[in-house]
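Fold and contact review
One-letter residues, chain by chain:
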Amino acid sequence: MNIIAAVDKNWAIGYQNELLVRIPNDHKHFREETTGKVVVLGRKTLETFPQGLPLKNRTNIILSRNPEYKVKDAIIVHSTEELKKELAKYSGEDIYIIGGESVYRELLVLCDTAHITKINRAYQADAYFPDLDASGEWEITEESEEQTYFDVEYTFLKYERKAKEKR
């Protein structure tokens, strides 16, 4: 399974239920990676999307503890166990965990590949992605040239779980 996020130099991902910065090329990269695939996200992340609607051209699986929660054109699951049963219907390489913080922390253990847009700046933040560099379980296997959007420098990185830790 895959996990995908844009993080700042402190592994921050958001502030007050918003992304830290909007980089068009990062959004394009996200679309290219996830279109036609399965995306797994939490309710709060869904609510940050335009009109709070699921992403088009993807199978959206929303993790919510609220048993009454319903979303048109999305699959709702209420526990990690229920999510695992649902995900068993799909190929692991077609599944992308897309946030937010609690979903990333809970599901990172299931992933072998992380697609990270690393932004070379520190922002004020209240939501974070687990620091893959500090974990010792992950290694960078691909790295793009540094890119710039106005004064924001960033790099696309692909991390893979080190072989002995693969699940």
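A short tour of the structure in this document, coming up. Remember, predicted model here, so these are calculated numbers, not experimental data.

**Side note on helix α1 (residues 24-34)**
For the α-helix, the turn length of 3.6 residues means that residues three or four positions removed from each other point alike. Looking only at α1, the buried set comprises Asp26, His29, Glu33 and Thr34. For α1, the angular spread of the buried residues around the axis is 115°, confining them to a single face. In the core, the buried residues of α1 are packed alongside β1 (2-7), β4 (38-42), β7 (95-99), β8 (113-119) and β12 (152-161).

**Here's the deal with the environment of Thr34**
Tracing the backbone shows Thr34 in helix α1. The exposure class of Thr34 is buried, given its relative accessible area of 0%. Considered as a pair, Thr34 and Ser135 are 101 residues apart in the sequence and their alpha carbons are 25 Å apart. Once residues lying within four places of it in the same chain are set aside, the contact partners of Thr34 are Val39, Arg58 and Tyr96.

**Quick notes on the pattern of salt bridges**
Tallied over the full model, the rule gives 11 salt bridges. The partner of Lys118 in a salt bridge is Asp133, and the shortest N-O contact between them spans 3.5 Å. Taken as a pair, Lys118 in strand β8 and Asp133 in helix α5 (residues 132-135) lie far apart in primary sequence, 15 residues in all. Each member of the salt-bridge network shares a partner with another, and the members are Asp112, Glu137 and Arg161.

**A look at unusual backbone geometry**
In the segment running from Gly99 into Gly100, the intervening peptide bond is cis, with an omega of 0°. Structurally, Gly100 is set in the loop between β7 and α4 (101-107). Located in the positive-phi region is Trp11, a residue other than glycine, with phi close to 65°. Following the sequence through the fold, Trp11 ends up in the loop between β1 and β2 (12-15). A positive phi angle, near 60°, is found at Asn17, a position not held by glycine. Positionally, Asn17 belongs in the loop between β2 and β3 (18-19).

**Topic: the side chain of Asn60**
The topology assignment puts Asn60 in strand β5 (residues 59-63). Here Asn60 falls in the buried class, since its relative accessible area comes to 2%. Within the structure, the side chain of Asn60 is placed 2.8 Å from the backbone oxygen of Leu55, a separation counted as a polar contact.

**A few points about the nonpolar core**
The biggest cluster of nonpolar side chains holds 28 residues, and the ones touching the most others in it are Ile97, Ile116, Phe129 and Leu132. Mapped by element, the contributors of at least two residues to this core are β1, β4, β5, α3 (80-87), β7, α4, β8 and β12. Not counting residues within four places of it along the chain, the set of residues in contact with Phe129 comprises Ile3, Ala5, Val7, Trp11, Ile13, Tyr104, Arg105 and Ile116. Core analysis: the second largest hydrophobic core is formed by 13 residues, Leu41, Ile62, Tyr69 and Ala74 among them.

**Details of the sheet that holds strand β9 (residues 127-128)**
Taking strand neighbours across the sheet as the criterion, the three strands line up as β3-β2-β9 in an open arrangement whose pairing is antiparallel. Since the sheet does not close on itself, it has two edges, and those belong to β3 and β9, each with one partner. As paired elements, β2 and β9 share two bridges and run antiparallel to each other. Bridged to Ala12 within β9 is Tyr128.

Parameters and conventions
Residues numbered from 1 in each chain as written. Predicted model: local features only at pLDDT ≥ 70, side-chain atom pairs only at ≥ 80, totals over all residues. Heavy atoms only, no water. Buried < 20%, exposed > 50% of the residue type's maximum accessible area, 1.4 Å probe, protein only. Helix = DSSP H or I, 4+ residues; strand = E, 2+ residues; numbered from the N terminus. Arc of directions from axis to C-beta. Contact = heavy atoms within 4.5 Å. Salt bridge = Lys/Arg side-chain N within 4 Å of Asp/Glu carboxyl O. Polar contact = N/O pair within 3.5 Å; in protein donor to acceptor, adjacent residues only side chain to side chain. Core = buried A, V, L, I, M, F, W, Y, C linked by side-chain atoms within 4.5 Å. Pairing = 2+ DSSP bridges.

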